[in-house]
Amino acid sequence: MTTNTEDRNPTPDLAEDNAFFPSPYSLSQYTAPKTDYDGTTYPNPYKGDKKILMIATDERYILMQNAKFFSTGNHPVEMLLPMFHLDNAGFAFDVATLSGNPVKLEMWAMPKEEQVVLDTYNKYEKQLKSPLKLADILDKALSIDSPYAGIFIPGGHGVLAKIPESKEVKALLKWAVDNDKYVITLCHGPASLLAAAVDETPNDYIFKGYQVCVFPDSLDKGANIDIGYMPGQLPWLVGENLEKLGVEILNKGITGQVHKDRKLLTGDSPLASNNLGKLAAETLLADSSL
């Protein structure tokens, strides 16, 4: 059966009442069988024992303002291409979700002809399906001899579910800032930074004054609905809420822009996955304290 790529109607997800995947047209615009991976590898990888803790979403559905569900998760390119770079640079991963339930992925965005992405998925598939429960490893992660060099929070709209309200994520973000550790995130992943504001006043927000790249609110309010990528308006907007806390957003569109502000590394969209992976790998490899 052929797909009508001009169809801008969100595709029903029959696993849930009133739930929808992105439309065929939006997928023709936003997904591709290949990425912009440029062949970069790391011939002199990290030899130490510090790992990266990846915090992924275990939520499939976002309830939109019109009471429809958006069937989402983590974007596979935004997760797996940065993972490839860091893994190839010698950094192992632990994978955790808030509940310990499996990671949810937007498999409709998997680039089926990008071997490094497919290989990375195969390498970490068992961890993605049987992740750690974040609360169970929190004390170890926050300890003086923490095994982690930093945390990675990939994008995808699924990050908006529960992660921005998580006190465990808040504790990890505070640990990262207080202990000069890395926070790596992109696209909608910076929604996780809102967790640091839970039970805090805006003046005490640890990322106040930071500059970031993030998926533009303008697209979530406009084009993403017009082309049927989402079935309605999001319950809230990432950039708007970060700006209220004093974060400066650098990008207006999605061009693959990335930025490093202190130990916070961010990217604007799936188009930034390769650039952010390289930035993260090169930055961590250059850090003699690890």
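Residues numbered from 1 in each chain as written. Predicted model: local features only at pLDDT ≥ 70, side-chain atom pairs only at ≥ 80, totals over all residues. Heavy atoms only, no water.

### Notes on the overall build of the chain
Note the following rule: Helix and strand assignments follow DSSP, with helices taken as H or I runs no shorter than four residues and strands as E runs no shorter than two, numbered in order from the N terminus. Throughout, the radius of gyration refers to the C-alpha atoms, and the reference size of a globule is 2.2 Å times the residue count to the power 0.38. Residue burial is assigned from relative accessible area. The probe radius is 1.4 Å, only protein chains are included, and a residue is buried under 20% of its type maximum, exposed over 50%, and partly exposed in between. Every residue pair with non-hydrogen atoms within 4.5 Å of one another is taken to be in contact. Computed by Shrake-Rupley with a 1.4 Å probe, the accessible areas treat only the displayed protein chains as cover when residues are assessed. Asp and Glu count as negative and Lys and Arg as positive, but His and the ends of the chain are not part of the count. Charge positions are represented by NZ for Lys, CZ for Arg, CG for Asp and CD for Glu.
A tally of helices and strands in the chain yields nine helices and 13 strands. Taking 2.2 N^0.38 as the reference for a compact globule, 290 residues should give roughly 19 Å; the C-alpha atoms of the chain span a radius of gyration of 18 Å, in line with that estimate. Evaluated residue by residue, the chain yields a buried proportion of 54% over its 290 residues. Within the chain, residue pairs in contact and separated by at least 24 positions form 77% of the contacts whose partners lie at least 6 positions apart. Counting only carbon and sulfur atoms, one obtains 49% of the accessible surface of the chain, whose full area is about 12400 Å². Side-chain charges in the chain split into 27 positive and 38 negative, and the spacing between the mean points of these groups amounts to 3 Å.

### So, the pattern of salt bridges
Counted only if it meets this: Each reported salt bridge corresponds to a side-chain nitrogen of Lys or Arg within 4 Å of a carboxyl oxygen of Asp or Glu.
Evaluated as defined, the whole model comprises 13 salt bridges. The residue Lys 170 makes a salt bridge to Glu 200 at a minimum N-O spacing of 2.9 Å. Within this pair, whereas Lys 170 is found in helix α5 (residues 167-178), its partner Glu 200 is found in the loop between β9 (182-186) and β10 (211-212), the two being separated by 30 residues in sequence. Look at Glu 200 and you get partly exposed, because its relative accessible area is 34%. By sharing partners, the salt bridges in this structure join Asp 180, Lys 263 and Asp 287 into a single network.

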